[in-house]
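Below are the chains, spelled out letter by letter.
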Amino acid sequence: MKVSLDWLKDYVDIKTSPEVLAQKLTMAGLEVTSLEEKETSTVFEIEVTSNRPDCLSVLGIAQEVAAILDSKSKIKKSQQKYKIRKSKTLSLKSNFIKIQDKEDCSFYRGCLIADVKVGPSPKWLRDRIESLGIHPVNNIVDITNYCLLEYGQPLHAFDYDKIVEQIVVRRARKAEKILTIDGTERQLSENILVISDKNKAIAIAGIMGDKLSEVGPVTKNILLESACFNPVLTRRASRELGLSSESSYRFERQVAFERIRGAQDRAVELICEIADGKIVDAKEAGLKSKPKEEQIKFDCKRANNLLSLNISVDRVKRIFTSLGFSCRKTAKDMLLVKIPQLRSDIRIEEDLVEELARIYGYNNIPSTL
């Protein structure tokens, strides 16, 4: 995962040098394998372990940096700031989105944006995605990639006028073929999940869209997709086809439900601002509310005994809060910690002990018998 220092500074007050920050991230379990000075900023190359998909995003790394530096976080909960303006000529039918099996796709949301002006992205947008290794295409595609990097939630934009009647999330038909945006025709098996209109597959779910429905210079109306696909299906399809992408890399490790709408709302705002689009409708299918957050009872005294430390309850609480957990004191040395869904690696109390140790600093734990 690549992340730039100037982008991180949008969300965290960082006063330390890039070299010191790199050392602190590495000591906390996010190994920085290289530092590169770009024209616009310093870029960190970070080795993200498979149990931390939340860190495959600028927001995820920023949350870690805020906790490690004990610095003020500027990360706010996503809020829909735009208004849907109904159109007399463009709208989505109530059954526009159909999911055949919710085990394959638990949630799918499509936003219809009209009258977009496809063209080059502004320099600041091109610079940000280029510094992290993504080649600019056009303002619509660049915005989806920008939000993928920022939120860790893959998005896809279809040329709406090339979609026939509806969106169906289904398994591919036997020997069904698709021409992907890389110009390769691929034969699909019945194990592969696709996004289809009434007639044909228009994307390999979570991996790559098709050439025929991609956004181009003459596109006027787009359907912006944000969804949650089964990570096992995505991984199998990627291996079977020998095809991987920034999107599949994240879907294989499971995306966070709480960022599906947030990333899409951010992209809608940018498309309306940069490409003069107008959002006229939105439809969704699948889960109606986000999964329930886990709650774990945390014994501060026991944790201190395990770590040979003497961290106060208030300090423990501050560390957990800085990581994006909400917690409250229930007894003298007891906390009830609520785990956000994007931290799927936290399951039991011992996981929280490890979080406490790495943010407090492994180097601060004394060597004792």
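Scroll up for the structure.
Bear in mind the structure is a predicted one, so any value in this text is a computation, not a measurement.

Enquirer: Explain the packing of helix H2 (residues 18-27) against helix H3 (residues 58-69) to me, please; I cannot follow it from the model alone.
Expert: Any two packed helices are characterised by how steeply their axes cross, that is the angle between the axes, and by the distance between the axes. Contact geometry for H2 and H3: axes closest at 10 Å, N-to-C directions at 95°. Put simply, H2 runs roughly perpendicular to H3. Contacts between H2 and H3 involve Leu21, Lys24 and Leu25 from the former and Val65, Ile68 and Leu69 from the latter.

Enquirer: Can you walk me through the sheet that holds strand E16 (residues 326-331) in this structure?
Expert: The pairing of strands in a sheet comes from backbone hydrogen bonds and takes either a parallel or an antiparallel form. Pairing in this open sheet of three strands is antiparallel, and the strands run E15-E17-E16 from one edge to the other. Edge positions in the sheet fall to strand E15 (294-299) and E16, since each of these pairs with one other strand and no more. Pairwise comparison of adjacent strand axes, ignoring direction, gives a mean angle of 25° for this sheet. As paired strands, E16 and strand E17 (residues 334-339) are joined by five bridges and run antiparallel to one another. The partner of Cys327 across the bridge, within E17, is Val337.

Enquirer: Quick question: what am I supposed to make of helix H4 (residues 123-131) here?
Expert: Each α-helix turn comprises 3.6 residues. Residues three or four places apart therefore point the same way. For H4, the complete set of buried residues consists of Leu125, Arg128, Ile129 and Ser131. Looking straight down H4, one finds its buried side chains confined to an arc of 165°; they lie on one side. The inward-facing, buried residues of H4 contact strand E1 (2-4), helix H1 (5-8), strand E3 (42-47), helix H5 (139-151) and helix H8 (260-274). At the C-terminal side of H4, Gly133 shows a positive phi close to 95°.

Here is what the cut-offs are and how they apply
Residues numbered from 1 in each chain as written. Predicted model: local features only at pLDDT ≥ 70, side-chain atom pairs only at ≥ 80, totals over all residues. Heavy atoms only, no water. Axes fitted to C-alpha atoms, helices over the stretch in contact; angles between N-to-C directions. Helix = DSSP H or I, 4+ residues; strand = E, 2+ residues; numbered from the N terminus. Parallel < 35°, antiparallel > 145°, perpendicular 65-115°, else oblique. Contact = heavy atoms within 4.5 Å. Pairing = 2+ DSSP bridges. Buried < 20%, exposed > 50% of the residue type's maximum accessible area, 1.4 Å probe, protein only. Arc of directions from axis to C-beta.

Limitation: the analysis is restricted to geometry and does not speak to function.
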